[in-house]
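Structural overview for review
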Amino acid sequence: MNVLVAYDVATSTPEGERRLRHIAKICEDFGQRVQYSVFECVLGETQWVTFRHRLLSEMKADEDSLRFYMIPGRFADSTETHGRDRRIDFEGPLIV
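Residues numbered from 1 in each chain as written. Predicted model: local features only at pLDDT ≥ 70, side-chain atom pairs only at ≥ 80, totals over all residues. Heavy atoms only, no water.

Glancing now at the UniProt feature "binding site: Mg(2+)" (unreviewed entry) in the protein chain. UniProt annotation of "binding site: Mg(2+)" (unreviewed entry) refers to Asp8 when read in the numbering used here. Taking relative accessible area as the criterion, Asp8 reaches 52% and is therefore assigned exposed. Excluding residues within four positions of it along the chain, Asp8 makes contact with Asp64 and Ser65. (UniProt positions renumbered as here; feature names shortened; annotations may be inferred. Buried < 20%, exposed > 50% of the residue type's maximum accessible area, 1.4 Å probe, protein only. Contact = heavy atoms within 4.5 Å.)

In structure tokens:
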């Protein structure tokens, strides 16, 4: 399953800054950053359940916002990008 994750974490306190770092780290464990607070993740069912649980456990619902968008097909087929593109197509050819 392809999941686009976007988050907004209140960082007016040291605790908020810590949550921001933790949420970003969790997202990095499961996907790739395409913008500062946006990640593209390709997940199996078990990974999705784990990922979602970890993020929801870390966020503070009355201060933060977390959005999951389920994207059908491949990200490359459903995305139009302009400007600097941070995304790496792991499904395409890999040159080492």
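Let's shift gears to the pattern of salt bridges. Counted by the stated rule, this structure contains nine salt bridges. Salt-bridge contacts for Arg19 lead to Glu15; the nearest nitrogen and oxygen are separated by 3.1 Å. Separated by four residues within a single helix, Arg19 and Glu15 lie in helix α1 (residues 14-30), roughly one turn from each other. By relative accessible area, which is 2% here, Arg19 ends up buried. (Salt bridge = Lys/Arg side-chain N within 4 Å of Asp/Glu carboxyl O. Helix = DSSP H or I, 4+ residues; strand = E, 2+ residues; numbered from the N terminus.)

Here helix α2 (residues 45-58) spans 20 Å end to end across 14 residues, near enough to the 20 Å set by a 1.5 Å rise per residue. Looking only at α2, the buried set comprises Trp48, Phe51, Leu55 and Glu58. Mapping the buried residues of α2 onto a view down its axis gives an arc of 110 degrees, with all of them on the same face. In this structure, α2 carries Glu45, Thr46, Val49 and His53 as exposed residues pointing more than 90 degrees from its buried face. Tucked inside the fold, the buried residues of α2 contact β1 (2-8), α1, β3 (38-42) and β4 (65-71). (Expected span 1.5 Å × (residues − 1). Arc of directions from axis to C-beta.)

The next subject is the environment of Met59. In this structure, Met59 sits in the loop between α2 and β4. Between the alpha carbons of Met59 and Tyr7 there is a distance of 9.5 Å; along the sequence they are 52 residues apart. Ignoring sequence-local partners within four residues, the contact set of Met59 consists of Arg19, Ile23, Asp64, Ser65 and Leu66.

Attention shifts here to the nonpolar core. Val5, Tyr7, Ile23, Cys27, Leu43, Phe51 and Leu55 are the most contacted members of the largest nonpolar core, which has 17 residues in total. Counting residues per element, the ones that place at least two in this core are β1, α1, β3 and α2. For this core, the leading source of residues is α1, giving five residues. Among all residues touching Tyr7, those that are not within four sequence positions of it are Leu20, Ile23, Ala24, Cys27, Arg33, Tyr36, Ser37, Phe39, Ser65 and Leu66. (Core = buried A, V, L, I, M, F, W, Y, C linked by side-chain atoms within 4.5 Å.)

Attention now goes to the packing of aromatic side chains. Scanning the model with the defined rule gives four aromatic pairs in all. The interplanar angle of 20 degrees and the centroid separation of 6.3 Å between the aromatic rings of Tyr7 and Phe39 together place this pair among those described as stacked. With a gap of 32 residues between them, Tyr7 in strand β1 and Phe39 in strand β3 connect regions that are remote in the sequence. The buried category is assigned to Tyr7, whose relative accessible area is 7%. Between Phe51 and Phe68, the ring centres sit 6.4 Å apart and the planes meet at 70 degrees, which makes this aromatic pair edge-to-face. A residue pair is termed long-range when its members are at least 10 positions apart, and Phe51 in helix α2 and Phe68 in strand β4 qualify at 17 residues. Among the residues examined, Phe68 registers a relative accessible area of 22% and is labelled partly exposed. Taken together, the ring pairs in this structure connect Phe30, Trp48, Phe51 and Phe68 into an aromatic cluster. (Phe/Tyr/Trp six-rings, centres within 6.5 Å; stacked < 30°, edge-to-face > 60°.)

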